[in-house]
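So you can see what is in the structure, the chains are spelled out below.
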Amino acid sequence: MGSREVLGQAARLASSGLLLQVLFRLITFVLNAFILRFLSKEIVGIVNVRLTLLYSTTVFLAREAFRRACLSGGAQRDWNQTFNLLWLTVPLGMFWSLLLGWVWLQLLEVPDPNAVPHYGSGVVLFGLSAVVELLGEPFWVLAQAQMFVKLKVIAESLSVILKSVLTAFLVLWSPHWGLYIFSLAQLFYTAVLVLCYVIYFTKLLGSSESTKQQTLPVSRMTDMLPSITRSRAFVNWKEAKLTWSFFKQSFLKQILTEGERYVMTFLNVLNFGDQGVYDIVNNLGSLVARLIFQPIEESFYIFFAKVLERGKDATLQKQEDMAVAATVLESLLKLALLAGLTITIFGFAYSQLALDIYGGVMLSSGSGPVLLRSYCLYVLLLAINGVTECFTFAAMSKEEVDRYNFTMLALSSSFLVLSYLLTQWCGSVGFILANCFNMGIRITQSLCFIHCYYRKSPHRPLAGLCLSPALLGAFALSGGITGISEVLLCCEQGWPARLTHIAVGALCLGMTVGTAFLTETRLIHFVRTQLGVSRLADKTL
């Protein structure tokens with residue numbers, strides 16, 4: 001398969017993922033806004049920070065390294081060895097679940113049982129849900145490697161929606177269940193997620209006439225189970241060694257990704273109520289990042305991993321592949337920068353209004369608006385980092401990944417210290433400022449790698465980080481106008497004033513987007529081309 005065909009598949013995966021995720025996330029957004037009005041800040045803090053951290057840490061440590069290593073394999077791999085390696089995530093997840101569960105029950109502060117009942121059961125069920133989710137790992141990796149459009153998005157989105165519906169039902173009908181509500185909903189979510197993959201592949205492998213079935217490296221469901229033969233090793237040792245390298249990096253990346261929650265959980269810098277408010281704002285602020293940037297990062301990581309030979313110098317790569325990869329990287333950087341700047345500029349003027357609509361006075365008063373405004377700046381850095389790291393991790397050799405781990409180690413330590421110090425100085429906003437600092441360092445590392453990688457080639461993909469003066473002026477003007485509008489019209493003057501404020505923002509956004517269409521013609525051509533490829537491919541499926 002050529003680089004342009006792989007690019008078309010990646011673009012189709014990303015665009016389909018974006019549309020479906022927007023639809024499903026909007027449904028979940030409305031359900032969560034409804035649920036929020038029946039909960040206390042303390043319950044939100046325990047569930048969204050303490051218990052979710054247990055689940056995410058267990059899952060991340062057990063599978064992230066395996067995912068990256070197994071998705072980096074070539075087309076000629078022995079899939080039986082890959083599946084054997086992936087099934088090791090289950091016992092590894094059980095180990096992490098037991099170890100972390102003991103820490104959560106014995107070493108951390110236990111909430112007041114009168115305010116937050118059934119904490120112990122919540123820890124057990126959230127740990128169990130992590131192990132259940134790992135049972136679907138071989139199916140997930142196979143789906144990603146085959147670039148099955150829509151499967152991942154539909155499975156995850158359907159699971160989230162059903163989880164939210166169950167939570168809303170239990171909150172209304174059995175509020176005295178406390179943490180049982182969210183623990184059962186979490187276990188239900190992971191079970192549905194795994195079943196979606198199992199049912200899909202069962203039907204696909206049972207249909208001999210399916211075009212997709214004929215391209216799969218397996219012919220029946222039992223081929224994906226662990227198998228031992230004397231003719232070959234149990235696992236591919238090259239993949240296993242790469243997994244170990246990614247595991248060390250994943251451990252550090254998890255600290256950077258969830259660092260503020262670790263500081264909250266282990267150092268008690270905020271009470272459970274403040275943790276709840278911070279987490280709500282954090283989830284609201286990261287909504288766009290999860291909807292837009294994450295599908296793009298995941299899809300184009302697969303593209304770069306398939307097109308580029310890992311660890312091979314740019315001058316030794318196929319020149320057509322290098323040209324396509326450089327064009328794609330430049331366009332993705334430009335797209336990420338534009339999306340991030342739009343969120344940052346307009347987010348500053350509409351943070352308080354968004355929080356007031358979503359959660360009422362509990363969120364729109366106090367530190368909520370300042371938190372969300374700070375997070376808008378962080379989203380800009382997230383957007384750029386997602387693109388730079390998806391290329392960097394796809395192109396790095398094993399030795400370069402190991403060297404990068406040492407940098408991540410120093411960065412993780414400094415992040416934890418900086419989070420603690422900034423939180424003591426400026427409250428929960430300190431977490432976002434520390435994240436911005438660390439994200440800036442990670443971006444710098446990736447940019448240096450990309451610059452060195454393309455230094456001896458005629459391609460300059462980092463030009464994607466430069467915008468035209470006219471577009472920069474449009475952003476600056478929009479920021480000034482919407483800022484004045486917020487002072488004059490928002491947010492205590494009733495809905496007519498609020499609607500006027502929204503209309504002002506819509507006009508400024510239209511002006512900015514129009515300027516982008518006129519000045520960033522190469523990016524517009526790239527987006528239109530890939531969307532056209534995506535639509536054409538969808539019609540042929």
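Residues numbered from 1 in each chain as written. Predicted model: local features only at pLDDT ≥ 70, side-chain atom pairs only at ≥ 80, totals over all residues. Heavy atoms only, no water.

**Brief notes about a nonpolar patch on the surface**
Stage number 1. On the surface, a nonpolar cluster with roughly 570 Å² of combined accessible area is contributed by Phe34, Phe38, Phe169, Leu172 and Trp173.
Stage number 2. Sort the elements by how many residues they give to the nonpolar patch and helix H7 (residues 151-173) lands first, with three residues.
Stage number 3. Residue position: Phe38 is located in the loop between helix H1 (3-36) and helix H2 (41-71). (Patch = residues over 30% accessible without salt bridge, like charges linked within 9 Å, V, L, I, M, F, W, Y side chains within 5 Å. Areas by Shrake-Rupley, 256 points an atom, 1.4 Å probe, with all protein chains shown as cover. Salt bridge = Lys/Arg side-chain N within 4 Å of Asp/Glu carboxyl O. Helix = DSSP H or I, 4+ residues; strand = E, 2+ residues; numbered from the N terminus.)

**Considerations on the pattern of salt bridges**
Stage number 1. Within this structure, the stated rule accounts for 13 salt bridges.
Stage number 2. Of the charged contacts in the structure, one is a salt bridge between Arg261 and Glu260, with a shortest N-O distance of 3.6 Å. Across this residue pair, the class does not change: Arg261 and Glu260 are buried.
Stage number 3. Salt-bridge contacts for Arg522 lead to Glu330; the nearest nitrogen and oxygen are separated by 3.5 Å. Taken as a pair, Arg522 in helix H21 (residues 521-540) and Glu330 in helix H14 (residues 319-359) lie far apart in primary sequence, 192 residues in all.
Stage number 4. Using a relative accessible area of 58% as the deciding quantity, one classes Arg522 as exposed.
Stage number 5. By relative accessible area, Glu330 is classed as buried at 16%. (Buried < 20%, exposed > 50% of the residue type's maximum accessible area, 1.4 Å probe, protein only.)

**Some remarks on the packing of helix H11 (residues 259-267) against helix H17 (residues 398-426)**
Stage number 1. At a minimum axis distance of 10 Å, the contact between H11 and H17 shows a crossing angle of 65°. Seen from above, H11 lies across H17 with right-handed handedness. Contact with H11, carried on its side by Gly259, Glu260, Val263 and Leu267, involves Phe415, Leu416, Ser419 and Tyr420 of H17 and no other residues of that element.
Stage number 2. Classifying every residue of the contact of H11 with H17 gives five nonpolar, two polar and one charged. (Axes fitted to C-alpha atoms, helices over the stretch in contact; angles between N-to-C directions. Left-handed = near helix turned anticlockwise from the far one by under 90°. Contact = heavy atoms within 4.5 Å. Nonpolar A, V, L, I, M, F, W, Y, C, P; charged D, E, K, R; others polar.)

**With respect to the packing of helix H19 (residues 469-489) against helix H20 (residues 494-519)**
Stage number 1. Two elements in contact, H19 and H20, have axes whose closest approach is 9 Å; the angle formed by their N-to-C orientations is 180°. The angle between H19 and H20 falls in the class roughly antiparallel. Where H19 approaches H20, its residues Ala470, Leu471, Ala474, Phe475, Leu477, Ser478, Ile481, Thr482, Ser485, Glu486 and Leu489 are matched on the opposing element by Ala497, Arg498, Thr500, His501, Val504, Gly505, Cys508, Met511, Thr512, Thr515, Ala516 and Thr519.
Stage number 2. Of the residues assigned to the contact of H19 with H20, the class counts are twelve nonpolar, nine polar and two charged. (Parallel < 35°, antiparallel > 145°, perpendicular 65-115°, else oblique.)

**Some details on the domain arrangement of the protein**
Stage number 1. According to the domain assignment, the protein contains domain 1 (3-224 + 231-265), domain 2 (269-464) and domain 3 (467-530).
Stage number 2. The straight-line distance from the C-alpha centre of domain 1 to that of domain 2 is 21 Å.
Stage number 3. If you look at the interface, domain 1 gives 49 residues, while domain 2 gives 58 residues.
Stage number 4. Roughly 5,000 Å² of surface becomes buried between domain 1 and domain 2 when both sides are summed, with 68% attributable to carbon and sulfur atoms.
Stage number 5. Counting across the domain 1 and domain 2 interface gives one salt bridge.
Stage number 6. For Asp279, the salt bridge is made with Arg261, and the minimal N-O distance between the two is 2.3 Å. (Domains from an automatic or database assignment. Buried area = accessible area lost by both parts, 1.4 Å probe.)

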